[in-house]
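# Chains, contacts and geometry: an overview
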Amino acid sequence: MTAFATRSTPAAPTRDTDTADTGGSIALFRKCDRYTTARDYQASGLYPYFRAIRECEDTVVTIDGESKVMMGSNNYLGLTHHPAVLDAAAAALRKYGSGCTGSRFLNGTLDLHERLEAELAEFLGKPSCLVFSTGYQANLGLLSGLVGRGETVFLDKLNHASLVDGARLSFGDVVRYNHGDLDALERKLAQHERRKGAMIVVDGVFSMEGDICDLPRLVELAQRFGAALAVDDAHSIGVLGHNGAGTAEHFGLTAATDLIVGTFSKSLASIGGFVAGEESVLHYLKHHCRPLIFTAALPAANTAGVLAALQVLRGEPQRRAALWANTRRLQEGLRGLGYDIGPTQTPIVPVLVGSIADTFLFWRKLFDAGVFTNPVVPPAVAPAQCRLRASLMATHTAEQIDVALEAFAAIGRELGVLS
């Protein structure tokens, strides 16, 4: 979910406070009173965010009493309603309770966490793994925990916000390069002092474009310049690779990829995250990573659900085959209608619209037609590159995808997006 560009209106009347030196108002809150953009869209009926789902049945959700085909979820393998996942979560809830009430560092480590770490490490082909409470915290912890003063992290400009924030929280230098411009990355690496630590970190699949990073070239650059290489596989686990193990497996470069980071909130149908790599690196993170040490541990029900989802992922490869069949159906259908869906290579399918206002209007008409998508606007994309982001699940039916395509066709012609 992204914010959108703000605009200001005259300041609202100030309010009295008990603090005399504020001059009759709290300066910190003035920007809150002036911020009206979201309220304006709410008043117009085009505001697309925080829509409360009352019921969910896999690919169909109920909002305001109406059924919508969910085309905006990251539930790629359709496992959030798998009986094995639900049964495992329910059993763990009763055995361990509703929460760990403490951090992994202190009283919050369960045998379930250790089992999940071992199974993930084996699945990903890495010696060790460390489980976090969210995928966001995994990226914060990786970068803030490993990159120190005098060291540098190199970021693609379209990396996920959690990687950007993790770099900001580190005490190292941050160098960014234009999306996919690995020649620029090479030049920047050449300017870096090799004796100082460096990390290249990149999304395996970029979440708003759907394209896959050029991992072979990144591996070559990392090895040539002595940099560590970390790949955020949030949108790759369960999607890419012969066994669904992600970007490194997809390219056959697991051994050459130093660190694999991921989340459980997409293909693995829960919440949480992980970092996988060498045991010494994970041991260091355990003792230097504030987002791990100072956060309550992942609850047992979520952990057990992920363990079950991982078993389904490995034991039901037909789900991944169905996901890719659905991906081709939607991509080919949208391109056939004349839509620009950019360079996507994955189940993330962006439909470029243009301005914020046009994108919100398109979203609303699709929503009213029974199709739920996600509008993506600045700062996630450039102002003229606003888009609707659709994503596929293995459990979508051909009929549901065709309903979405019919809605895109009709609304696109109505709004002049299609000729």
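For clarity, every value in this text was computed on a predicted model and none was experimentally measured.

Reading guide: rules and limits
- Residues numbered from 1 in each chain as written.
- Predicted model: local features only at pLDDT ≥ 70, side-chain atom pairs only at ≥ 80, totals over all residues.
- Heavy atoms only, no water.
- Helix = DSSP H or I, 4+ residues; strand = E, 2+ residues; numbered from the N terminus.
- Buried < 20%, exposed > 50% of the residue type's maximum accessible area, 1.4 Å probe, protein only.
- Contact = heavy atoms within 4.5 Å.
- Areas by Shrake-Rupley, 256 points an atom, 1.4 Å probe, with all protein chains shown as cover.
- Lys, Arg positive; Asp, Glu negative; His and termini not counted.
- Charge placed at Lys NZ, Arg CZ, Asp CG, Glu CD.
- Core = buried A, V, L, I, M, F, W, Y, C linked by side-chain atoms within 4.5 Å.
- Pairing = 2+ DSSP bridges.
- Axes fitted to C-alpha atoms, helices over the stretch in contact; angles between N-to-C directions.
- Phe/Tyr/Trp six-rings, centres within 6.5 Å; stacked < 30°, edge-to-face > 60°.
- Parallel < 35°, antiparallel > 145°, perpendicular 65-115°, else oblique.
- Nonpolar A, V, L, I, M, F, W, Y, C, P; charged D, E, K, R; others polar.
- pLDDT = per-residue confidence, 0-100.
- Salt bridge = Lys/Arg side-chain N within 4 Å of Asp/Glu carboxyl O.
- Expected span 1.5 Å × (residues − 1).
- Polar contact = N/O pair within 3.5 Å; in protein donor to acceptor, adjacent residues only side chain to side chain.

### A few points about the overall build of the protein
- Of regular secondary structure, the protein possesses 15 helices and 14 strands.
- Overall size of the protein, expressed as C-alpha extent along the three principal axes, is 65 × 55 × 55 Å.
- Burial analysis of the protein (419 residues in total) assigns 53% to the buried set.
- Within the protein, counting contacts between residues at least 6 apart in sequence, those at least 24 apart form 70% of the total.
- Counting only carbon and sulfur atoms, one obtains 52% of the accessible surface of the protein, whose full area is about 18600 Å².
- Within the protein, the 44 negative side-chain charges are centred at a point lying 4 Å from the centre of the 39 positive side-chain charges.

### A closer look at the nonpolar core
- Core analysis: the biggest nonpolar cluster contains 92 residues, and L185, I200, L218, F264, F274, L330 and L334 have the highest contact counts within it.
- Top contributing element to this core by residue count: helix α12 (residues 300–315), with nine residues.

### Here's the deal with the sheet that holds strand β13 (residues 374–376)
- Pairing within the open sheet is antiparallel, and its three strands lie in the order β11-β14-β13. Edge positions in the sheet fall to β11 (348–354) and β13, since each has one partner strand and no second. In this sheet, adjacent strand axes meet at a mean angle of 30° when their direction is disregarded.
- Bridge count between β11 and strand β14 (residues 386–391): six bridges; the pairing is antiparallel. Note on β14: the bridge partner recorded for V351 is L388.
- Against the sheet, helix α14 (residues 356–368) makes contact with β11, β13 and β14, and its axis sits at roughly 35° relative to β14, the strand it touches most.

### Examining the packing of aromatic side chains
- Per the counting criterion, the structure on display carries nine aromatic pairs.
- The interplanar angle of 75° and the centroid separation of 5.7 Å between the aromatic rings of Y339 and F408 together place this pair among those described as edge-to-face. Taken together, the positions of Y339 in the loop between α13 (318–337) and β11 and F408 in helix α15 (residues 398–415) put the pair 69 residues apart, joining distant regions of the chain. There is no split in this pair, since Y339 and F408 are both buried.
- Taken together through their ring pairs, the aromatic side chains of Y41, Y47, Y49 and F360 make up a single cluster.

### So, the packing of helix α5 (residues 135–146) against helix α10 (residues 279–288)
- Axis separation between α5 and α10 bottoms out at 10 Å; the angle between their running directions is 95°. As judged from the angle between their axes, α5 and α10 are roughly perpendicular. Here G141, L142, G145 and L146 of α5 lie close against α10, whose contacting residues are V281, Y284, L285 and H288.
- Class assignment of the residues belonging to the contact of α5 with α10 gives a composition of five nonpolar, three polar and no charged.

### Digging into the confidence of the model for the protein
- Of the residues in the protein, 94% reach a pLDDT of 70 or more, and the chain-wide mean stands at 94.
- Contacts from residues 5–23, a stretch scored under 50 in pLDDT, to residues over four places away or in other chains number 25 contacts.

### A closer look at the side chain of S128
- Tracing the backbone through its elements, the reader meets S128 in strand β4 (residues 128–132).
- S128 sits in the buried class, given a relative accessible area of 15%.

### So, the pattern of salt bridges
- Applying the stated criterion across every chain yields a total of 17 salt bridges.
- A salt bridge links K196 to E193; the nearest nitrogen and oxygen atoms lie 3.6 Å apart.
- Given a relative accessible area of 31%, K196 falls into the partly exposed group.
- Of the charged contacts, one joins D368 and R364 as a salt bridge, the two residues approaching to 3.1 Å between their closest N and O atoms. Taken together, the residues span about one helical turn, with D368 and R364 both in helix α14 at a distance of four residues.
- Because the salt bridges share partners, they merge into one network encompassing D183, E186, R217, E220 and R224.

### Some details on the sheet that holds strand β2 (residues 60–63)
- Spatially, four strands are ordered β1-β2-β3-β12 in an open sheet, and the strand pairing comes out mixed. Both outer strands of the open sheet, β1 (55–57) and β12 (371–372), are each paired with one neighbouring strand and no more.
- Here β2 pairs with strand β3 (residues 66–70) via four bridges, running antiparallel. Of the residues in β3, the one forming a bridge with V61 is K68.

### Some remarks on α5
- An ideal rise of 1.5 Å per residue puts 16 Å on twelve residues; α5 measures up with 17 Å between its terminal C-alpha atoms.
- With nine of twelve residues buried, α5 lies mostly within the body of the structure.
- Among the residues of α5, G135, Q137, A138, N139, L140, G141, L142, L143 and G145 are the ones counted as buried.
- Measuring from the side-chain oxygen of the N-cap residue of α5 to the backbone nitrogen of Y136 gives 3.4 Å; that N-cap residue is T134.

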